[in-house]
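Next come the chains, spelled out residue by residue.
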Amino acid sequence: QVQLVESGGGSVQAGGSLRLSCAASGSIVSIGAMGWYRRAPGKQRELVAIITSSDTTNYADSVKGRFTISRDNAKNTVYLKMNILKPEDTAVYYCSAREIITTTAMRDYWGQGTQVTVSS
């Protein structure tokens, strides 16, 4: 079983920055892709950014150029640096991690979510 613990959310004014962290712990076999999703009030959860174990990244168009995802494999930790924040970035941000159990067996885990609020 893998636990994901997020930190770094909070309130900031538009144009500001925040850095989210998510650490995976527990009986980990191997962590594959890790990512960040968000759910804004009244909207569906959407992908923000994802990073593979080989550091290939992918971003939602709405955050490209402003957000940067990175990871520390030794610590099983993923980060999301968010710059030039906008009010529309306000959401609960969720960390995700895919555990690679075997070549054909995988399991996805989710963090509890951390609130990011951007005021205009």
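Description of the structure in this document. (Residues numbered from 1 in each chain as written. Predicted model: local features only at pLDDT ≥ 70, side-chain atom pairs only at ≥ 80, totals over all residues. Heavy atoms only, no water.)

1. Re the sheet that holds strand β3 (residues 18-26)
If you walk across this open sheet you meet the 4 strands as β1-β3-β8-β7, and the pairing is antiparallel. Each of the sheet's edge strands pairs with one partner strand only, and the pair in question is β1 (2-7) and β7 (67-72). Neighbour-to-neighbour, the strand axes of this sheet turn through a mean angle of 15°, independent of strand direction. Where β1 meets β3, 6 bridges bridge the pair, whose relative direction is antiparallel. Within β3, the residue paired with Q3 across the bridge is S25. (Pairing = 2+ DSSP bridges. Helix = DSSP H or I, 4+ residues; strand = E, 2+ residues; numbered from the N terminus. Axes fitted to C-alpha atoms, helices over the stretch in contact; angles between N-to-C directions.)

2. Section: the pairing of strand β5 (residues 46-51)
Successive residues of a regular strand alternate their side chains across the two faces of the sheet. Where strand β4 (residues 31-39) meets β5, 5 bridges bridge the pair, whose relative direction is antiparallel. Its bridge partner lying in β5, G35 is registered against I50. Between β4 and β5, which pair antiparallel and follow one another directly, the connecting turn spans 6 residues, one of which, G42, has a positive phi of 80°. Of the strand pairs in this sheet, β5 and strand β6 (residues 57-59) are connected by 3 bridges, and their pairing is antiparallel. Within β6, the position partnered with I51 by the bridge is T57. Counted along the chain from β5 to the antiparallel partner β6, the turn is 5 residues long, and its residue D55 has a positive phi close to 75°.

3. Here's the deal with unusual backbone geometry
In the Ramachandran plot, D55 falls in the positive-phi region, its phi being about 75° despite a non-glycine side chain. With phi around 50°, N76 is a residue other than glycine that occupies positive phi space. Within the secondary structure layout, N76 lies in the loop between β7 and β8 (77-82). Judged by relative accessible area, N76 falls into the partly exposed class, the value being 21%. (Buried < 20%, exposed > 50% of the residue type's maximum accessible area, 1.4 Å probe, protein only.)

4. Points about the packing of aromatic side chains
Tallied over the entire structure, the rule returns 1 aromatic pair. When the centroid spacing of 5.0 Å and the interplanar angle of 65° are considered together, the rings of Y37 and W110 count as edge-to-face. Taken together, the residues span a long stretch of sequence, with Y37 in strand β4 and W110 in strand β10 (residues 106-110) at a distance of 73 residues. The exposure class assigned to W110 is partly exposed, which follows from its relative accessible area of 36%. Looking at R19, its charged tip hangs above the ring of Y79, at a distance of 4.2 Å from the centre. (Phe/Tyr/Trp six-rings, centres within 6.5 Å; stacked < 30°, edge-to-face > 60°. Lys NZ or Arg CZ within 6 Å of the ring centre and 35° of its normal.)

5. Observations concerning the state of the cysteines
Disulfide: a covalent bond formed between the sulfur atoms of two cysteine residues. Applying the stated rule across the entire model yields 1 disulfide. Paired through a disulfide, C22 and C95 show a sulfur-sulfur distance of 2.1 Å. Between C22 and C95 the disulfide shows an S-S torsion of about -80°. By sign, it is left-handed. Of this pair, C22 sits in strand β3 while C95 sits in strand β9 (residues 91-100), and the two are 73 residues apart along the sequence. Look at C95 and you get buried, because its relative accessible area is 0%. (Disulfide = S-S within 2.5 Å.)

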